[in-house]
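Listed below are the residues making up each chain.
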Amino acid sequence: MTTGGGMDDGTGSRGEVWQAVRPALPLLVAAGWLSVIGNLLMLTGPVYMIEVYDRALPAGSVETLVALTGLMLFLYMVMTIADIARAQLLVRAGARVEAGLAARCFDAGMTQARLGLGAAPAARPLDDLEALAAVFSAPVATVVFDLPFTLLFALMLFWIDPALGMLATFGAALLIAVTVQRRAMLGRAEIEAEALRLRARAGHDALAADPDSAWGAGLIAPGRAEWSRDLARARIARARVDDAAAVFGSLSRTLRLGLQAAALGLGAWLAIRSEISPGVIFAIALFLGRSLAPVETLVQGWPTAARALRGWERLGRTLAATPDLEGARPGVRDAPASLVAADLWTGPPGMPLVRGVDLQVAPGEVLGLIGPSGSGKSALLRGLAGVWPPQHGSVRLGNGPTGSAGYLPQTLRAHPVSIARFIARLAEEPEIGAVTEAALAAGLHDAIQRLPGGYDTILGAAGEPLPGGQLRRLGLARALCGQPAVLLLDEPEAHADGAGISAILSAIQTARWWGAATVVAAHRPEIIALCDRLICLEAGRVRLAGLRAEVLEALARAPSASARSA
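Fair warning: this is a prediction, and the values are worked out from it, not measured in the lab.

> Just to check I follow, could you spell out a nonpolar patch on the surface for this structure?
Taken together, the side chains of Leu71, Phe74, Met77 and Ile81 make up a nonpolar region of the molecular surface, amounting to roughly 410 Å² of accessible area. Structurally, the position occupied by Phe74 is in helix H4 (residues 62–114). Take Phe74: its relative accessible area is 46%, and that puts it in the partly exposed class.

Written out as structure tokens, the structure is:
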């Protein structure tokens, strides 16, 4: 739970992406040395043809031909091993970068979700990390290692004849110009096409996440129509990008083939004039191909490289703006102590929904929050739970920061894990005693035992296969698991039947027994009757606070919308 007066500015997170890349540098250095070996061994073919034409054929020596061929095959085998090893090193470098940032990006995404920053496509750190890690295993990654040898092969062409070197330089300049023009023309279009695709997907996901409204309120047909329009716009934008990319790809390929044909023709002309041997013609073809291949690979692989560059930039900004999650200590049992909020202002960034709240809940005490809808009860509980960090003031447990609270929010979704792991807050190896105790306190143990898989049953999104309406009781069991020192319940009685209300009352009494400081937002008289003290909220501020009887008596004397709601 957050205890400070606001978020860190994130300056300490700048450069985190580079810091995650640094452990992969030894692998990249090794890949670089393998690139040196592989590119030097590319000279095997030209040297072989020169030796065949200049030595074996004029001498009519079969033995020389066999020896040269055997040496060539051996060197090509070594080159193949070097290429395979380089590819594997690059894959592992990408995996190392991803492993170094995965947990941090997950935490950043969760931080953005709790602060309401996760709607924009740019705020998807896991997607950006995936794009960054994928580039290491893409063909375009080899360009970084092969580009220096483009200059080497170009110099070899200059050494053979300056006209060949100028032809290679001209061809490389043309291909680079194609790459630059492609980025200028398609960079923004690619971003817009991706944004349209994500918008279409978001519309579908929003309906899928709320099937009751989608089907019950008749939103399927209009939702499908809206999704179809967004998808059509995305498809058209993507088609334009792909069409243009195909033009640029074909243009670069045609340029390369034309340049190779011109180089071969120029080499043949030089051979006719006896300025070079016929075997050098093959060397010319290979040197030109190797000098242009990295540039062409860059042209074809630019979309992958561009996504990785955008991912790098966005990750740097995202991680700088979202410091590490605090208070993530599932299952930790804090010693009983008073929960204290001092001049608490909390809400989404820049929009406090609760202002100036002071409260203190002693161990074993139950504080009730009452007031009309929209008065700030849920916002205050989110602030106490650390969902929203304090914008002013603080939240503490005793004399130190709060630990991991037992929190039941208004909106609850299950995870596709076993019931035991869900109750144990996703612990990999749940403590079955604590899980069973929590389920008993929430009145769910018998229902779980009746399932074929018992506590090992995998949950659906709505809590199935548990009977309907018991998902919130499952959330109550999760809140109770581990006997937390702070218990925060947001309208636990919502959608509850008589048995559910009885289970809630029993759970609150159980938490009181182990010394939890309990805060509950409630409307039902049975739950309010369990509270020792009440706070009546109105428009995000405390209207009344005191002992239960005193607050209820004051509200009865001065009836208002909040009193009627309570």
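> Can you help me understand the nonpolar core in this one?
Generally speaking, a soluble globular protein has its nonpolar side chains buried in company with each other. Counting 50 residues, the largest nonpolar core has Ile419, Ile423, Ile448, Tyr455, Leu474, Leu476 and Leu480 as the members making the most contacts within it. Discounting residues that sit within four places of it in the chain, Ile419 has contacts with Ile448, Leu451, Gly454, Tyr455, Thr457, Leu459, Leu466 and Leu474. Core analysis: the second largest hydrophobic core is formed by 31 residues, Val21, Leu129, Ala138 and Ala306 among them.

> Would you take a moment to explain helix H9 (residues 220–272) for this structure?
Since the α-helix advances by 3.6 residues per turn, residues separated by three or four positions end up pointing in the same direction. The end-to-end C-alpha separation of H9 is 75 Å, in line with the 78 Å expected for 53 residues at 1.5 Å each. Backbone geometry just after H9 places Ser274 at a positive phi near 65°.

> What's the story with the packing of helix H16 (residues 471–480) against helix H17 (residues 498–514) in this structure? I'm lost.
A pair of packed helices is captured by two measures, namely the crossing angle of their axes and the spacing between those axes. With their axes 11 Å apart at the nearest point, H16 and H17 run at an angle of 5° to one another. The angle between H16 and H17 falls in the class roughly parallel. For the pair H16 and H17, the contacting residues are Arg473, Leu476 and Leu480 in the first and Ala499, Gly500, Ala503, Ile504, Ala507 and Trp514 in the second.

> Help me out: how do you make sense of the pattern of salt bridges in this one?
Side chains that differ in sign of charge can pair as their charged atoms come close. Counted according to the given criterion, the structure contains 11 salt bridges. In this structure, Asp146 and Arg86 form a salt bridge, with 3.1 Å as the shortest nitrogen-oxygen distance. One end of the pair, Asp146, is in helix H6 (residues 141–160); the other, Arg86, is in helix H4, and 60 residues separate them in sequence. The class for Asp146 is buried, based on a relative accessible area of 10%. Since its relative accessible area comes to 10%, Arg86 is described here as buried. Between Asp230 and Arg233 there is a salt bridge, and its shortest N-O distance comes to 2.3 Å. Placement of the pair is Asp230 and Arg233 together in helix H9, with a separation of three residues, close to one helical turn.

> What is the right way to read the sheet that holds strand E6 (residues 406–408) from this model?
Hydrogen bonding along the main chain pairs the strands of a sheet, whether they run parallel or antiparallel. Here we have six strands laid out as an open sheet, ordered E6-E7-E8-E3-E9-E10, and mixed in their pairing. At either end of the open sheet lies a strand with only one pairing partner, and these are E6 and strand E10 (541–547). Averaged over all pairs of adjacent strands, the angle between their axes in this sheet comes to 15°, without regard to strand direction. Of the pairings in the sheet, the one linking strand E7 (residues 486–490) to strand E8 (residues 517–521) comprises five bridges and is parallel in character. Its bridge partner lying in E8, Leu489 is registered against Val520. Relative to the sheet, helix H19 (residues 548–557) contacts strand E3 (366–370), strand E9 (533–538) and E10, its axis offset from that of E10 by approximately 125°.

> What exactly am I supposed to notice about the pairing of E9 here?
Two faces belong to every sheet, and in a regular strand the side chains alternate between them. Note: E3 against E9, four bridges, orientation parallel. Paired with Gly368 across the two strands is Leu534, which belongs to E9. From the end of E9 to the start of E10, which pair antiparallel, there are two residues, and Ala539 there has a positive phi angle of about 55°.

> Quick question: what am I supposed to make of the confidence of the model for the protein here?
Regions with low pLDDT carry predicted coordinates that are not meant to be interpreted in detail. Overall, the prediction assigns the protein a mean pLDDT of 80, with 87% of residues at 70 or greater. Contacts for the low-pLDDT stretch residues 118–123, under 50 throughout, to residues beyond four places or in other chains number eight contacts. Across residues 326–332 the pLDDT falls below 50, and counting only partners more than four positions away or on other chains, this stretch makes 12 contacts in the model.

> Looking at this structure, I do not really get the side chain of Ser375. What am I missing?
Mapped onto the elements of the fold, Ser375 is located in the loop between E3 and helix H12 (377–385). Of note is the side chain of Ser375, whose polar atom sits 2.7 Å from the backbone oxygen of Pro372.

> Help me out: how do you make sense of the environment of Ala234 in this one?
On the secondary structure map, Ala234 appears in helix H9. For the pair Ala234 and Ala200, spaced 34 residues apart in sequence, the C-alpha separation works out to 7.7 Å. If we ignore the near neighbours within four places in the chain, the residues touching Ala234 are Ala193, Leu196 and Arg197.

> Could you clarify how one ought to interpret the packing of helix H2 (residues 25–41) against H6 in this entry?
The geometry of H2 relative to H6 is characterised by a closest axis approach of 9 Å and an angle of 30° between their N-to-C directions. In terms of orientation, H2 and H6 fall into the roughly parallel class. Judged by the twist between their axes, the crossing of H2 over H6 is right-handed. Listed contacts from H6 to Leu28, Ala31, Gly32, Ser35, Val36, Asn39 and Leu40 of H2 are Phe145, Asp146, Phe149, Leu152 and Phe153. Classifying every residue of the contact of H2 with H6 gives eight nonpolar, three polar and one charged.

Parameters and conventions
Residues numbered from 1 in each chain as written. Predicted model: local features only at pLDDT ≥ 70, side-chain atom pairs only at ≥ 80, totals over all residues. Heavy atoms only, no water. Patch = residues over 30% accessible without salt bridge, like charges linked within 9 Å, V, L, I, M, F, W, Y side chains within 5 Å. Areas by Shrake-Rupley, 256 points an atom, 1.4 Å probe, with all protein chains shown as cover. Salt bridge = Lys/Arg side-chain N within 4 Å of Asp/Glu carboxyl O. Helix = DSSP H or I, 4+ residues; strand = E, 2+ residues; numbered from the N terminus. Buried < 20%, exposed > 50% of the residue type's maximum accessible area, 1.4 Å probe, protein only. Core = buried A, V, L, I, M, F, W, Y, C linked by side-chain atoms within 4.5 Å. Contact = heavy atoms within 4.5 Å. Expected span 1.5 Å × (residues − 1). Axes fitted to C-alpha atoms, helices over the stretch in contact; angles between N-to-C directions. Parallel < 35°, antiparallel > 145°, perpendicular 65-115°, else oblique. Pairing = 2+ DSSP bridges. pLDDT = per-residue confidence, 0-100. Polar contact = N/O pair within 3.5 Å; in protein donor to acceptor, adjacent residues only side chain to side chain. Left-handed = near helix turned anticlockwise from the far one by under 90°. Nonpolar A, V, L, I, M, F, W, Y, C, P; charged D, E, K, R; others polar.

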